[in-house]
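Residues per chain are reported as follows:
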Amino acid sequence: MINFKGKNIISMHDLSKQEIIHILKTAECMEKKKYYDLLKGKILATLFFEPSTRTKLSFHSAMKQLGGSTIGFSDAQTSSTTKGESLHDTIRMVEQYCDAIVMRHPLDGSARLAAEIASVPVINGGDGKNQHPTQTLLDLYTIKKTQGKISKLHVAILGDLKYGRTAHSLATALSLFDCKLSFISPPSLRMPRQICDELTEKNIHFTEHESVEKIIPDIDILYSTRIQRERFPDPREYEMVKNAFILDTPLFKNAKPTLKLLHPLPRVNEITTNMDATPYASYFEQAGNGIPIRKAVLALVLGAKL
Amino acid sequence: MKTLVHNLENGTVIDHIPPEITFHVWNLLGKQHDVVVVGNHLPSKRMGKKGIIKIANKFLSEAEANKITLLAPHATVSVIKEGKVFHKYKLSLPSLLKGVITCINPNCITRHEQRETAFKVIQENPLKVRCLYCELLIHSQEIVLS
Ligand SMILES: Nc1ncnc2c1ncn2[C@@H]1O[C@H](COP(=O)(O)OP(=O)(O)OP(=O)(O)O)[C@@H](O)[C@H]1O
Ligand SMILES: [Mg+2]
Ligand SMILES: [Zn+2]
């Protein structure tokens, strides 16, 4: 029996394949039925110590669609952190005002620490460059919805694999599903050793590439990511790679008709707007999938009966 | 070896330390105590050469034992009471190392908030540990003891 009541959602490393499938199934239910009153009377605190658009808005929307309400702040400037309050003290206070907490914070591991302190469930909305599990869950959900399955697909992850947190946790998650993985990046932005070691230890086959052209005919999911400008120590290095991959329609002439193009958004220039009208483009649908996934996660950790 | 250094009435003996590690272990524990005997490059049947540290009136805490395990995983610890070996054990690594290692990730929450660090042992030989907070995987040669 899988029971998420009172559990924290901190890292994809904590979730088993069965637990992931359970969350995806719950998200499916969320799309089939409305559940207006499911979380009536429940309050979600959204603590955004770092800016966010999609994650914050979709959590607010998900909570409201299920009849609950939200409190919170959207940048550290308006929280008491500016007065020097520790994360520990902020959590000890906020936990008394709500039934669950969603938090985004610039430091790696902040969500785990918050979860240890809080008596209410904590959902990680992004901790520094470490994890963003609801993003990965919605990525998996989009793969499942567009391909009918996750297992045995050929998934190519492209772009900034060094700094891209979504790329890391997607690779970790897909290692549970027996997928064929290809990592495409400029040499300076390759998948970190840590992730590659993890895959090798689990006997997962992956290959690394510097261009998409050759492998595109074999790909089922092309997952493109933004070059994370803000994480580059040297702006000149960013200038060198910012145009490394620009996906446009001619590239797709040898693609499988069923290929789907995903992107966690926001995009800068890595996918041209020409792509938006093609049957491959699935990134806006993917952003939309944030709603059923976050509804599912909220309902599960708050122990709602579906 | 008992004749080489004086006998303890009560205390701890850490034996079978690789010679190049002996002074790291001494740094960790020995400095703060009055009666400490360190022997190094002593002949050993098992190891060829070894180090040994004897500390009077000192019994290891769990964190200290874990730190020594990280430095010298095959050392033997003898607890001496009333001049006799009261208890002897081989060190072993627990699955979770608490308060023993400092995270090398400057962006890790444990470097910014007061919190005991915690590392999961992923692999023992060669040692690999993962920070419970920032999830960074750290290899033996990168480990920094706290
Ligand atoms: N009273 C004491 N004071 C100081 N050191 C002692 C005392 N009794 C034993 N030791 C030391 O404690 C360690 C363990 O003692 P033990 O008599 O079991 O030695 P051993 O047979 O050499 O064991 P091992 O196989 O671990 O080397 C040895 O290094 C010994 O020199
Ligand atoms: Mg001996
Ligand atoms: Zn850490």
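Criteria and thresholds
Residues numbered from 1 in each chain as written. Chains lettered and ligands numbered in written order. Predicted model: local features only at pLDDT ≥ 70, side-chain atom pairs only at ≥ 80, totals over all residues. Heavy atoms only, no water. Donors = N, O, S within 2.8 Å, 3.2 Å for Na, K, Ca; no water. Tetrahedral: all angles 85-135°; square planar, octahedral: opposite > 155°, others 65-115°. Buried < 20%, exposed > 50% of the residue type's maximum accessible area, 1.4 Å probe, protein only. Near = heavy atom within 4 Å. Polar contact = N/O pair within 3.5 Å; in protein donor to acceptor, adjacent residues only side chain to side chain. Areas by Shrake-Rupley, 256 points an atom, 1.4 Å probe, with all protein chains shown as cover. Helix = DSSP H or I, 4+ residues; strand = E, 2+ residues; numbered from the N terminus. Domains from an automatic or database assignment. Contact = heavy atoms within 4.5 Å. Buried area = accessible area lost by both parts, 1.4 Å probe. Salt bridge = Lys/Arg side-chain N within 4 Å of Asp/Glu carboxyl O.

Here's the deal with the coordination of the zinc ion (ligand 3)
Residues and elements named next belong to chain B.
No. 1: Distances from the zinc ion (ligand 3) to its protein donors, namely Cys 103 (SG), Cys 108 (SG), Cys 131 (SG) and Cys 134 (SG), fall within the range 2.3 to 2.4 Å.
No. 2: Each of the four donor atoms around the zinc ion (ligand 3) contributes to a set of angles spanning 102 to 119 degrees, which defines the coordination as tetrahedral.
No. 3: For Cys 131, a relative accessible area of 2% gives the class buried.

A word on the site of ligand 1
Residue and element names in this part refer to chain B.
No. 1: Around ligand 1, a shell composed of 14 residues is seen, among which Leu 8, Asp 15, Lys 54, Gly 83 and Lys 88 lie nearest.
No. 2: Between ligand 1 and the protein, one listed contact pairs an oxygen atom with a side-chain N or O atom of His 16 at 3.2 Å.
No. 3: Computed on the free molecule, ligand 1 has an accessible area of 610 Å², of which 75% lies beneath the protein chains in the complex.
No. 4: Residue assignment for the shell around ligand 1 shows that the elements contributing at least two residues are strand 1 (11-17), strand 3 (48-56), strand 4 (76-81) and strand 5 (84-90).

Regarding the domain arrangement of chain A
All names here are of chain A.
No. 1: What the domain assignment reports for chain A is domain 1 (12-131 + 290-301) and domain 2 (133-288).
No. 2: If you average the C-alpha positions of domain 1 and of domain 2, the two centres end up 25 Å apart.
No. 3: Facing 29 residues of domain 1, the contacting portion of domain 2 comprises 26 residues.
No. 4: When the buried surface of domain 1 facing domain 2 is broken down by residue, Met 12, Leu 24 and Arg 54 rank first, second and third, together holding 25% of it.
No. 5: Between the two partners, domain 1 and domain 2, sit two salt bridges.
No. 6: Residues Lys 145 and Glu 31 are paired through a salt bridge, measuring 3.0 Å at the closest nitrogen-oxygen approach.
No. 7: Our enumeration of links across domain 1 and domain 2 arrives at eight residue pairs in polar contact (both at pLDDT 80 or more).
No. 8: Counting residues per element, the ones that place at least two in the side of domain 1 that touches domain 2 are helix 1 (17-32), helix 2 (54-65), strand 4 (122-127) and helix 10 (290-301).
No. 9: Broken down by element, the residue count for the side of domain 1 that touches domain 2 peaks at eight residues, all from helix 1.

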